[in-house]
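Examining the three-dimensional arrangement
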Amino acid sequence: DVKVTQSSRYLVKRTGEKVFLECVQDMDHENMFWYRQDPGLGLRLIYFSYDVKMKEKGDIPEGYSVSREKKERFSLILESASTNQTSMYLCASSRQGRQPQHFGDGTRLSIL
Amino acid sequence: QQQVKQSPQSLIVQKGGISIINCAYENTAFDYFPWYQQFPGKGPALLIAIRPDVSEKKEGRFTISFNKSAKQFSLHIMDSQPGDSATYFCAALYSSASKIIFGSGTRLSIRP
């Protein structure tokens, strides 16, 4: 079974802090993704990566950056956290081509 | 062109009834259509998927119907059970791209 592990289930940070969300997958998948999920807005893609050190902007990249130094690990960085970044963050991974994405259980991030 | 429109936003069905969720797309380049099921506190999990050369796919009580000419596809849950209560997302992707386009989600509640 594919396992996508997000480092924290719940996280509380303060406005202006730099926040790191970590994601690790164990299936040697090429693609990794970060989404945020908000009530009524579904899943919105923040960034994705199709290879080590490669990244592409998704639909809502503003205020975020990412890092993929190793194939199995994909980090989401909030450069200067703001209250409107309070959300559920989901990481996913997949193989190339017509392949499903496999999700972690999410990190619920609160910015105070 | 990149959107996947999903309806209804929420659905209440009696136990034993049929739950139907509909999705529509515009981009004819999409060639893979997965459905995801998400329980509270968990990430979305792949439920069932279909390719456009097939009009129907059934797995247990779950069936995807696909109408290529109308650019619509739907999920039918037969004999709906309280354990099916979850949020369901339809999605679409094309194999030359890495990212999936998600619908906005349907919150399904099965009344005992």
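The structure contained in this document is the topic of the report that follows.

Each value, and the rule that gives it
- Residues numbered from 1 in each chain as written.
- Chains lettered and ligands numbered in written order.
- Predicted model: local features only at pLDDT ≥ 70, side-chain atom pairs only at ≥ 80, totals over all residues.
- Heavy atoms only, no water.
- Helix = DSSP H or I, 4+ residues; strand = E, 2+ residues; numbered from the N terminus.
- Rg over C-alpha atoms; globule rule 2.2 N^0.38 Å.
- Buried < 20%, exposed > 50% of the residue type's maximum accessible area, 1.4 Å probe, protein only.
- Contact = heavy atoms within 4.5 Å.
- Areas by Shrake-Rupley, 256 points an atom, 1.4 Å probe, with all protein chains shown as cover.
- Lys, Arg positive; Asp, Glu negative; His and termini not counted.
- Charge placed at Lys NZ, Arg CZ, Asp CG, Glu CD.
- Disulfide = S-S within 2.5 Å.
- 1 Å grid on protein atoms, 1.4 Å probe; cavity = no way out; pocket = protein on both sides within 12 Å on 5 of 7 lines; lining within 4 Å.
- Points joined across faces, edges and corners; volume = space filled by probe spheres on them.
- Nonpolar A, V, L, I, M, F, W, Y, C, P; charged D, E, K, R; others polar.
- Buried area = accessible area lost by both parts, 1.4 Å probe.
- Salt bridge = Lys/Arg side-chain N within 4 Å of Asp/Glu carboxyl O.
- Polar contact = N/O pair within 3.5 Å; in protein donor to acceptor, adjacent residues only side chain to side chain.
- Pairing = 2+ DSSP bridges.
- Axes fitted to C-alpha atoms, helices over the stretch in contact; angles between N-to-C directions.
- Phe/Tyr/Trp six-rings, centres within 6.5 Å; stacked < 30°, edge-to-face > 60°.

Across its full length, chain A holds zero helices and 11 strands. The helix and strand sequence of chain A, counted from the amino end, reads β-β-β-β-β-β-β-β-β-β-β. Computed over C-alpha atoms, the radius of gyration of chain A comes to 13 Å, within 12% of the 13 Å expected from 2.2 N^0.38 for 112 residues, which places it in the range of a compact globule. Overall, chain A is about 40 × 25 × 25 Å in size when its C-alpha atoms are taken along their principal axes. Going through the 112 residues of chain A one by one, you find that 48% of them count as buried. Across chain A, every contact between residues at least 6 apart in sequence was considered, and the portion connecting residues at least 24 apart equals 55%. Surface accessibility of chain A: about 5500 Å² in total, with carbon and sulfur atoms responsible for 47%. Treating the 17 positive side-chain charges of chain A as one cloud and the 15 negative ones as another, the clouds have centres 3 Å apart.

A separate point is the state of the cysteines. Tallied over the entire structure, the rule returns two disulfides over all chains. Through a disulfide, C23(A) is tied to C91(A); the S-S separation comes to 1.9 Å. Residues C23(A) and C91(A) share a disulfide whose torsion about the S-S bond is about -80°; that sign makes it left-handed. Of this pair, C23(A) sits in strand β3 (residues 19-25) while C91(A) sits in strand β9 (residues 87-94), placing them 68 residues apart in sequence. Residue C23(A) shares its accessibility class with C91(A), and that shared class is buried. The disulfide partner of C23(B) is C90(B), and the S-S distance across this bridge is 1.9 Å. Between C23(B) and C90(B) the disulfide shows an S-S torsion of about -100°. By sign, it is left-handed. Of this pair, C23(B) sits in strand β3 (residues 19-25) while C90(B) sits in strand β9 (residues 86-92), and the two are 67 residues apart along the sequence. An identical accessibility class is assigned to C23(B) and C90(B); each is buried.

Attention now goes to the layout of surface pockets. Put simply, the largest pocket is a space of about 670 Å³. Forming the walls of the largest pocket are 28 residues, and the residues nearest its centre are Q37(A), P39(A), Q38(B), T87(B) and R107(B). Looking at side-chain class alone, the lining of the largest pocket contains nine nonpolar, 14 polar and five charged residues.

Time to look at the interface of chain B and chain A. The interface is formed by 19 residues belonging to chain B together with 22 residues belonging to chain A. Buried surface at the junction of chain B and chain A, both sides included, amounts to about 1800 Å², of which 56% is carbon and sulfur. Joining chain B to chain A, the criterion identifies one salt bridge. A salt bridge links K42(B) to D105(A), with the nearest nitrogen and oxygen atoms 3.6 Å apart. For the interface between chain B and chain A, the tally reads four residue pairs in polar contact (both at pLDDT 80 or more). In terms of residue class, the side of chain B that touches chain A is made up of eight nonpolar, seven polar and four charged.

It is worth spelling out the sheet that holds strand β7 (residues 64-70) of chain A at this point. All names here are of chain A. The sheet built from four strands is open, its strands ordered β1-β3-β8-β7 with antiparallel pairing. Each having just a single partner strand, β1 (4-6) and β7 make up the two edges of the open sheet. On average, adjacent strands in this sheet sit at an angle of 20° to one another, irrespective of strand direction. Here β3 pairs with strand β8 (residues 73-78) via six bridges, running antiparallel. Within β8, the residue paired with V24 across the bridge is R73.

This next bit is on the packing of aromatic side chains. All told, the structure shown has 18 aromatic pairs over all chains when counted by the stated rule. Judged by centre distance (5.7 Å) and plane angle (85°), the rings of F103(A) and Y36(B) are edge-to-face. Placement of the pair is F103(A) in strand β10 (residues 102-103) and Y36(B) in strand β4 (residues 33-38), with the two residues belonging to separate chains. This pair shows no difference in class: F103(A) is buried, exactly as Y36(B) is. When the ring of Y25(B) is compared with that of F30(B), the centres are 6.1 Å apart and the planes differ by 65°; the resulting orientation is edge-to-face. The buried category is assigned to F30(B), whose relative accessible area is 3%. Members of the aromatic cluster, connected to one another through ring pairs, are F33(A), Y35(A), F48(A), F103(A), Y36(B), F89(B) and F102(B).

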